[in-house]
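# Coordinates in review
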Amino acid sequence: MHYRHSFPKIALTLIATLAASFLAAQSHPANYNNEGVAAYKAGNFAEAIRQFEQAYKEAPDSAVVRRNLCNAYQSEANALALNNDFRNAIRYVEAAIDVDPRNPSPVIQLGSYYLRTDNLDAAIDRLEEAIVLKPGDLTAHELLGQAYYQDNDLSSARAQWDYVLEIEPNRPGLNEKYEKAFREESVEYDFNRWKSRHFRISYPPKVPASLRSSVFSILDRAYVDIGRQLGGIYPPPPIHVILYTAEQFSEATQLEGHVGAVYDGKIRAPLTDSEGNWLSNQELERRLTHEYVHVAVRHVAGANIPWWLNEGLAETLSKSLSNNDVRRLREHFNRGGEMSLASLEANQINRLDPSSLRLAYLKSHATVTLLWDRYGRNKMIGLLRALGDGMGYESALQATYRRGYALIERDVTGIYR
Ligand SMILES: [Zn+2]
């Protein structure tokens with residue numbers, strides 16, 4: 001199962017104070033600057049950058065030119081980030097910091113991009129630096145809290161968010177995040193920690209050593225196997241995994257009993273069933289591998305992925321369709337049951353009842369299995385990359401398979417009818 005978790009909105013305060021006339025109007029730097037301002041105002045950031053860079057070359061000491069060039073770099077970075085191109089976005093913000101190093105805004109922006117790309121150490125460094133430049137900046141403190149949270153340092157996260165909420169008690173979205181972290185902290189306070197090359201694992205006391213080590217090897221195997229199956233996708237460490245008893249799992253996540261595990265930026269999974277018995281290795285392997293697929297998929301496609309594709313991949317790569325599954329699919333399609341892939345996209349998990357949800361998973365599983373078997377792994381990787389580049393769902397399917405939702409749906413129906 002997978003949550004589409006939201007990142008904090010970056011309040012990008014691009015104060016476009018583009019002072020037009022700061023030098024004698026006839027001088028070259030002033031001309032370049034004015035041209036830059038015009039291009040910036042027209043939303044042509046690449047051209048604005050070109051002009052401001054010329055102005056900067058001729059008047060490197062002008063604070064106005066420096067700030068304008070910095071703003072233009074930041075705006076270009078922002079446009080790239082909106083397109084999920086964080087690699088180039090980061091390059092532009094770094095350039096912004098170079099020309100205007102005392103300006104906290106690009107430093108916060110850079111921290112937020114590192115956060116989005118799960119580069120937590122770098123995010124924490126930059127956000128702390130931003131707070132030194134501008135003590136008390138609420139966006140920087142909120143993001144720093146988020147970075148600590150993702151790094152599973154819950155008490156440090158709470159300290160940052162406490163500070164923000166004291167000044168702005170109704171900061172949008174923050175109270176929910178704060179309560180979630182607080183709930184998790186109260187369940188996980190006495191958990192043990194274990195660290196491997198790729199994973200940081202927290203687990204409750206009294207977990208038998210043999211179970212612990214089989215969980216560790218399941219995860220290490222998933223990292224290698226899924227990475228290879230997806231053509232070399234290896235997300236950077238640390239990948240956080242939090243293991244619970246069934247009771248702790250529902251207390252921390254507030255999810256109902258039919259949910260086997262979840263990925264919300266951290267893999268969370270119970271080790272026991274509701275009666276308190278330890279789950280079998282096979283069951284653990286299925287659940288943990290499923291969640292790990294979400295980690296790998298997020299690394300390629302970001303958040304731009306249809307629900308059915310994300311869940312279908314997690315199912316396909318963690319287990320095969322059983323005879324029972326096939327029988328249920330046949331029943332469904334022969335009944336003419338209506339549940340289109342496109343509607344699964346809109347119908348997020350929390351809006352479906354458990355039985356429709358099971359069917360939604362099954363249909364997603366069948367669809368991805370068909371795409372994988374018929375067109376191969378490389379097409380699937382191509383599809384994920386297209387989505388990662390920000391392409392729309394239907395266009396990405398068309399570009400990859402030369403067929404959209406309707407045709408794919410017909411193919412799946414054809415198999416089971
Ligand atoms: Zn899932």
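Model, not experiment: these values are computed from the prediction. (Residues numbered from 1 in each chain as written. Predicted model: local features only at pLDDT ≥ 70, side-chain atom pairs only at ≥ 80, totals over all residues. Heavy atoms only, no water.)

## Comments concerning the domain arrangement of the chain
- Split by domain assignment, the chain resolves into domain 1 (28-185), domain 2 (192-297) and domain 3 (307-416).
- A separation of 33 Å is found between the C-alpha centroids of domain 1 and domain 2.
- Domain 1 puts 10 residues into the contact, and the matching count from domain 2 is 14 residues.
- Looking only at domain 1, the three residues that lose the most surface to domain 2 are Asn152, Arg183 and Glu184, adding up to 55% of its buried area.
- Inspection of the region where domain 1 meets domain 2 yields three salt bridges.
- Notably, a salt bridge pairs Glu184 with Arg268, separated by 3.1 Å at the nearest N-O pair.
- Connecting domain 1 to domain 2 are 11 residue pairs in polar contact (both at pLDDT 80 or more). (Domains from an automatic or database assignment. Contact = heavy atoms within 4.5 Å. Buried area = accessible area lost by both parts, 1.4 Å probe. Salt bridge = Lys/Arg side-chain N within 4 Å of Asp/Glu carboxyl O. Polar contact = N/O pair within 3.5 Å; in protein donor to acceptor, adjacent residues only side chain to side chain.)

## A few points about the sheet that holds strand 3 (residues 239-244)
- Read from one edge to the other, the open sheet built from five strands follows the order 1-2-3-5-4, with strand pairing classed as mixed. If you trace the sheet from one side to the other, it starts and ends with strand 1 (192-195) and strand 4 (262-263), each paired once.
- Relative to strand 5 (residues 267-270), strand 3 is paired through four bridges, and the arrangement is parallel. Bridging from a neighbouring strand, Val241 pairs with Ile267 of strand 5. (Pairing = 2+ DSSP bridges. Helix = DSSP H or I, 4+ residues; strand = E, 2+ residues; numbered from the N terminus.)

## Some words on the pairing of strand 3
- The element strand 3 is extensively covered by neighbouring structure, given that six of its six residues are classed as buried.
- Of the two faces of strand 3, the one lined by Ile239, Val241 and Leu243 and the one lined by His240, Ile242 and Tyr244 are each fully buried.
- Summarising the sheet, strand 2 (residues 199-203) and strand 3 pair through four bridges and their orientation is parallel. The residue of strand 3 that forms the bridge with Arg200 is His240. (Buried < 20%, exposed > 50% of the residue type's maximum accessible area, 1.4 Å probe, protein only.)

## Some words on the pattern of salt bridges
- Following the criterion strictly, the structure yields 24 salt bridges and no others.
- Between Asp225 and Arg228 there is a salt bridge, and its shortest N-O distance comes to 3.3 Å. Taken together, the residues span about one helical turn, with Asp225 and Arg228 both in helix 10 (residues 209-229) at a distance of three residues.
- Here Lys363 and Glu409 are joined by a salt bridge, their closest N and O atoms 3.1 Å apart. On the criterion of sequence distance, the pair formed by Lys363 in helix 16 (residues 354-375) and Glu409 in helix 19 (residues 405-416) is long-range, its members being 46 residues apart. Here the two residues Lys363 and Glu409 agree in accessibility, since each one is buried.
- A single salt-bridge network, built from bridges that share partners, covers Lys180, Glu184, Glu188, Asp264 and Arg268.

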